[in-house]
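Reading the structure
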Amino acid sequence: MNFRLRLALLFLATLVAVQAFTALLAYGVARRALISDGERQLTVGAAAVARQLDDISARVADNVQVLSLDFALRAAIAQDDQGTVLSALRNHGRRIGAERMLLIGLDGTVRADTAAATGAEFPFPDLADAALDRPAAAVVALGGKAYWMIVVPVYAPKPIALIAAGIPVDDALLARLQQLSALPNTLELVTLGTDGRWTGVARGDARVAIAPALAGRELPLQPTLLRLDAREYVVLATRLRESERSAPVAVVLGYSLDDALRPYRNVAIAWASLVALGLAIGLVGALLIARGVARPIEKLAAAAHRIGAGDYASSTPAIKRDEVGQLAAALSNMTLAIAEREERIRYQADHDAVTALPNRHAAEAAIQHALLARPVAGALLMVGLARLPEVIQTMGHAISDRLMRDAGRRLRPFAARGLVARATDTQFALWLDGADRADAIAVAFRILDALGVPYQEADLSIDTAPAIGIALHPAHGDEASALLRRAEVALFAALGAEDPVGVYDAGTDPHRPERLSLMAELREALDRNQLRLHYQPKVRLADDRIDGAEALLRWQHPSRGAVAPDAFIPLAERTGNIRRVTRWVLASAIAQAHDWSMRGHALRIAINLSARDLADPDLPTRIADLLSLHAVAPRSIVLELTESAIMAEPDTAVQVLKRLADLGIDLAIDDFGVGQSSLAYLRRLPVREIKIDRSFTQKLAEDVGDRTLVRSIVELGHRLGYRVTAEGIESRAAFDYLRDVGCDHVQGYYIAPALEPAALEAMLARDDDAAHRGVRA
Amino acid sequence: MHVGMPAIAAWMLVSTAASAAELDIVVDDARGAPAADAVVSLHGAGPPPPAREPLTHAVDQRDETFVPYVDVFRPGDRVVFRNSDRTRHHVYSFAPAKSFEFVVAPGGDTPAVVLDRVGAIAVGCNIHDRMITHLYVSDAPWVAKSDAHGRAVFHDLPAGHYTVHVWHPLLRPGKAEPEQAIDIGAGTATLRFALPLLPDPRPDPDDRERARY
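Residues numbered from 1 in each chain as written. Chains lettered and ligands numbered in written order. Predicted model: local features only at pLDDT ≥ 70, side-chain atom pairs only at ≥ 80, totals over all residues.

**A few points about the overall build of chain A**
Applicable threshold: Each helix corresponds to a stretch of at least 4 residues labelled H or I by DSSP, and each strand to a stretch of at least 2 residues labelled E; elements are numbered beginning at the N terminus. Exposed residues have 12 or fewer other C-beta atoms within 10 Å of their own C-beta, buried residues have 20 or more, and residues in between are partly exposed; the C-beta atoms are placed from the backbone. Think of it this way: build a C-beta for each residue from its backbone, and any pair within 7 Å is a contact.
Of the regular secondary structure elements, chain A holds 24 helices and 26 strands. For chain A, buried positions account for 38% of its 777 residues. Taking all contacts inside chain A whose residues are at least 6 apart in sequence as the whole, residues at least 24 apart take part in 61%.

**Some details on the overall build of chain B**
If you tally the helices and strands in chain B, you get one helix and 16 strands. Across the 213 residues that make up chain B, the buried fraction comes to 30%. Long-range contacts, defined as pairs at least 24 residues apart, comprise 67% of the intrachain contacts of chain B with a sequence gap of at least 6.

**Regarding unusual backbone geometry**
For the bond from A156 of chain A to P157 of chain A, the omega torsion is -15°, close enough to zero to count as cis. For P157 of chain A, the location among the structural elements is in the loop between strand 4 (145–155) and strand 5 (159–168). Located in the positive-phi region is A465 of chain A, a residue other than glycine, with phi close to 50°. Inspection of the secondary structure puts A465 of chain A in the loop between strand 15 (460–462) and strand 16 (466–473). Overall, A465 of chain A belongs to the partly exposed group, with 16 C-beta atoms counted inside 10 Å. Backbone geometry places D63 of chain B, a non-glycine residue, at a positive phi of 50°. Here D63 of chain B lies in the loop between strand 3 (56–62) and strand 4 (65–67).

**Details of the interface of chain A and chain B**
Quick note on the threshold: Each residue gets one of three labels, nonpolar for Ala, Val, Leu, Ile, Met, Phe, Trp, Tyr, Cys and Pro, charged for Asp, Glu, Lys and Arg, and polar for the others, Gly among them.
Taken residue by residue, the interface counts 13 residues in chain A and 12 residues in chain B. The element that contributes the greatest number of residues to the side of chain A that touches chain B is helix 2 (residues 71–78) of chain A, accounting for three residues. Tallied by class, the residues present in the side of chain A that touches chain B amount to nine nonpolar, one polar and three charged.

**Side note on the environment of S36 of chain A**
Looking at where S36 of chain A falls in the secondary structure, it is placed in helix 1 (residues 3–68). When the C-alpha atoms of S36 of chain A and V234 of chain A are compared, they prove to be 9.2 Å apart, with 198 residues separating the residues in sequence.

**A closer look at the sheet that holds strand 2 (residues 110–113) of chain A**
All names here are of chain A. Rules: Strands are labelled as partners when DSSP assigns at least two bridges between them. Helix axes are fitted only over the stretch in contact, all axes being lines through C-alpha atoms; the angle between N-to-C directions runs from 0 to 180 degrees.
With respect to topology, five strands assemble into an open sheet ordered 2-1-5-4-3, the strand pairing being antiparallel. Because the sheet does not close on itself, it has two edges, and the strands there are strand 2 and strand 3 (136–142). Averaged over all pairs of adjacent strands, the angle between their axes in this sheet comes to 25°, without regard to strand direction. Where strand 1 (residues 100–105) lies against strand 5, six bridges are found, and the strand directions are antiparallel.

**Focus: the packing of helix 8 (residues 360–372) of chain A against helix 12 (residues 480–496) of chain A**
Residues and elements named next belong to chain A. In plain terms, the rule: Note on terminology: angles under 35 degrees are roughly parallel, angles over 145 are roughly antiparallel, angles of 65 to 115 are roughly perpendicular, and the others are oblique.
Contact pair helix 8 / helix 12: the axes reach a minimum separation of 8 Å and the direction vectors enclose 120°. With respect to helix 12, the axis of helix 8 lies oblique. On helix 12, the residues touching E364, I367, Q368 and L371 of helix 8 are A480, S481, L483 and L484. For the contact of helix 8 with helix 12, the class distribution of residues is five nonpolar, two polar and one charged.

**What to know about the packing of helix 17 (residues 619–630) of chain A against helix 19 (residues 650–662) of chain A**
Relative placement of two packed helices is described by the angle separating their axes and the distance separating the axes. Residues and elements named next belong to chain A. Formally: A crossing counts as left-handed when the near helix is turned anticlockwise from the far one by less than a right angle, and as right-handed when that turn is clockwise.
Interhelical geometry of helix 17 versus helix 19 gives an angle of 25° and a closest axis separation of 9 Å. The pairing of helix 17 with helix 19 is recorded here as roughly parallel in orientation. Of the two elements, helix 17 crosses helix 19, and the hand of that crossing is right-handed. Contact residues: L619, P620 and I623 in helix 17; V656, R659 and L660 in helix 19. Tallied by class, the residues present in the contact of helix 17 with helix 19 amount to five nonpolar, no polar and one charged.

**As for the environment of F445 of chain A**
Along the chain, F445 of chain A falls in helix 11 (residues 437–452). Put simply, F445 of chain A and V501 of chain A are 56 residues apart on the chain and 7.6 Å apart in space, counted from C-alpha to C-alpha.

**Observations regarding the nonpolar core**
Counted only if it meets this: As used here, a nonpolar core is made of buried Ala, Val, Leu, Ile, Met, Phe, Trp, Tyr and Cys residues. They are joined through C-beta atoms within 7 Å.
By size, the foremost hydrophobic cluster in this structure holds 121 residues, and its most contacted members are M149, I150, V151, L162, I163, A164 and V251 of chain A. Ranked by residues supplied to this core, first place goes to helix 1 of chain A with nine residues.

**Some thoughts on helix 8 of chain A**
All names here are of chain A. Put simply, the rule reads: The span one expects for a helix is its residue count, reduced by one, times 1.5 Å. The directions considered for the arc are those from the helix axis to the C-beta atoms.
Over its 13 residues, helix 8 runs 18 Å from end to end, which matches the ideal 18 Å to within 8%, given 1.5 Å per residue. Three or more residues of helix 8 are buried, namely A363, E364 and I367. The buried residues of helix 8 occupy an angular sector of 100° when the element is viewed end-on, so they sit on one face. Residues of helix 8 that are exposed and point more than 90 degrees away from the buried face comprise H369 and L372. In this structure, the buried side of helix 8 is in contact with strand 11 (378–385), strand 12 (418–424), strand 13 (427–433) and helix 12.

**Some remarks on the sheet that holds strand 11 (residues 132–137) of chain B**
All names here are of chain B. Sheet architecture is open: five strands sit in the order 5-11-10-7-8, paired in mixed fashion. Edge strands, defined here as strands with exactly one partner in the open sheet, are strand 5 (70–73) and strand 8 (99–104). Each neighbouring strand pair of the sheet contributes to a mean axis angle of 20°, computed without reference to strand direction. Sheet topology note: the strand 5/strand 11 ladder contains four bridges and is parallel. Its bridge partner lying in strand 11, F73 is registered against V137.

**Topic: the pairing of strand 2 of chain A**
Two faces make up the sheet, and in a regular strand the side chains alternate between them. Residues and elements named next belong to chain A. In the sheet, strand 1 pairs with strand 2 via three bridges, with the strands oriented antiparallel. Its bridge partner lying in strand 2, I104 is registered against V110. Hairpin connection between strand 1 and strand 2: a loop of four residues separates the two successive antiparallel strands, and G108 in this loop has a positive phi of roughly 95°.

**Describing helix 15 (residues 578–598) of chain A**
All names here are of chain A. Counted at 1.5 Å a residue, the expected span for helix 15 with its 21 residues is 30 Å, and the 30 Å between its end C-alpha atoms agrees. Along helix 15, the residues that are buried comprise I578, V581, T582, V585, L586, S588, A589, I590, Q592, A593 and W596. Just beyond helix 15, the residue with positive phi is G600, at close to 90°.

**Some details on the confidence of the model for chain B**
Residues and elements named next belong to chain B. Note the following rule: Every residue carries a pLDDT, the predictor's confidence in it, which falls somewhere between 0 and 100.
Averaged over chain B, the pLDDT score is 83; the fraction of residues at 70 or greater is 85%. Low pLDDT, under 50, characterises residues 1–19; the predicted model gives this stretch 15 contacts beyond four residues in sequence or across chains. In the predicted structure, residues 207–213 sits below a pLDDT of 50 and forms three contacts with residues beyond four places in sequence or in another chain. The ipTM value of the predicted complex is 0.76, and its pTM value is 0.48.

Next comes the structure, spelled out in structure tokens:
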């Protein structure tokens, strides 16, 4: 049952119920009022009827009395003239309307009777007896009829007889009484038969007989509700003056409720018509209203379905300003709110909350989208702020967020050619549509300019140290994800390098898949002892003796063959494998140093450390353990570090270096002269040796500048108290020049390449022989 | 005891023969009011008083009323009705003892009617229904009419057994007339009669002219 039908039914049911209730109430009230009205009328009417009968009897009695004084009649009676008496009685009876006239002797015998034979006892001696005091009257039942029996004495001049007049109380009399009483009542005279049942003897109203309804019940001397002929009547009986000898006689008055209600029947019909009309109007109205309510609700339901399906655009139906209209408005508002919220969620899903720039996910999607158009070129710039992790650690996220927001603002103008997005906490990604390598680098420098201005806040100025990695399409990839990753790789490279702008170089990409496998193989090589240490001899120029060697790592790969250190050392550094490598190198080199010293070779073994090794605070302890394990004197080894390694994490490095120096281990700066090391800084380190980078020594024979530079370095080193070693010596000229300028040690192919321990040992043997002979080989 | 009664009575009669015996009769109506105009008759064993000569009684009609209301006659007495009113009266009687009918002109009178038979004769006026008089003809040895106090006194009665009979015009018709027996000795004896009487049909003197309704 749908809403419309239910609403309509509710309307109708309410209407019918209210009308029915009202009708019942009105009927009940009217009925009660009519009943009490009927009771009152009956009470009055009964009294009136009794009084009228009394009046009639008095009048008749007077008439009979007058008749009784007729002289001729008296004479006839006195003279016992039966014929005269009887005719006179008849004559007088007609005059007064009596149906029956009797002459009764003073002894109670009937002396004359107009209706029957004489000689019988008068049936109502009580009336005869009373008549001598005053005229006696009573209603009596006689032969199935009711009579007012009036008895008066005949004086002549003293009482000589009694005359009884029987006035019939018949239908006509009752009808007349009813007319006189002017009451619309049913009037009936009843008498108690010998069978104990009340029977009607006269009726004033021919329509209905009350007597049958009285069967088996008391005479209703109080107003009583009875059903006569299937109709309701209020009935009241009143006993009439009666003779002792007569059967009881009563007048019963009936008040017809139906008749009384008849005037109301028209009202009821009018009412019913009104109800029917009201029902019809109500039904139509209810259906209209229900339709008016249900239609908009159905529309709203349809609108809600559309909204559920995600269609926010189609508007909710415009509806009047009622409750449903409010619902529609609320639905409309809700739709807007949902759309807005969904838009916000989508925005948040695609955007970074801090900078309001697209996030990495969105950027990747957008770049992928741009790549679908198959552009000729494109560049992805990954901008990283090197100082940001530090800022977060020291000053918290609030400032870093403000800083990033500021950086985002500065970068925003570069979105004109493509897209600016925040890729990670510390990185922004820029997509430059159609940019080639030169464009990309040019833009990168402009970005560096924009970000180079320190971030300013109240009493704070932060240099963010930006760096940019560039990946180019199509050279570095066709996929957004690949470009992003490669730009990030380039950025990582740039962050550590002098040049803050780096273009992706597949060769140094530690994240190339093959590199990952190389690292796995490196770990395997460590486990399977596939690594070897080669030693390049160092010649002391003071006596041309070999007094040291630099341990150099060699990896003989089972399938790749010899792998160059440059190919796996930086990778091992980036992947965290370098410490295991260093550990292996230290153990191996110190063991070798022990071996050689056992054989009588006083060689100082130089071991290279990575920048990452300096971050390991356990390094000094481990070296000390190895030295004591192999009973090698600390002076028998030298640890070589590049300038960049020392500069990368100065604080930790200084700590570690100092502890190594405390162990009595000499430290050497490798590749001296190409880094950015500050001499003042180096002075603070416990360094004992510097090794001049090979780039300065390889052209010593030809290049005057290099010669000057090398001489200056040697002089400077000596003045600072360092031993000076020159690497990459490949010619006699260089060897001689270095001896001339007073360099302490030299190493290089001119003397020997890195040799296997056995080969070096053989060389040492020859050296010893030569020394003995006093000549240089 | 019962057997000895006449002897005692005879003794009493002898011993009081020289003295006069008296019988005092009091007649009331049922409510105890004295009933005038009651005729008391005595029959007894003793010698009756000597008979007198017949008399002629006059019954006057004055103010539409017969006067007297009750009169006692001896058989053979006569009665004359006299009209003292200025209207005519129609005197009649249907009594078995004597029936007659006279129209009496104002100031006139009727011829004397000899009442030779014993009985109560009710006389009325056919013109005036209320007028009634009773002529009581009695041959009883002693007869008297009660006065306004309802008393009738008999003097010098010889001692002996008497039957006392009372008649009254307003006694209910058809009923036996009251009677009592008494033994009279020396001294005064009293008998009381209480009679159930009908209402007096005669109008009160005060509203005589008024209509009944």
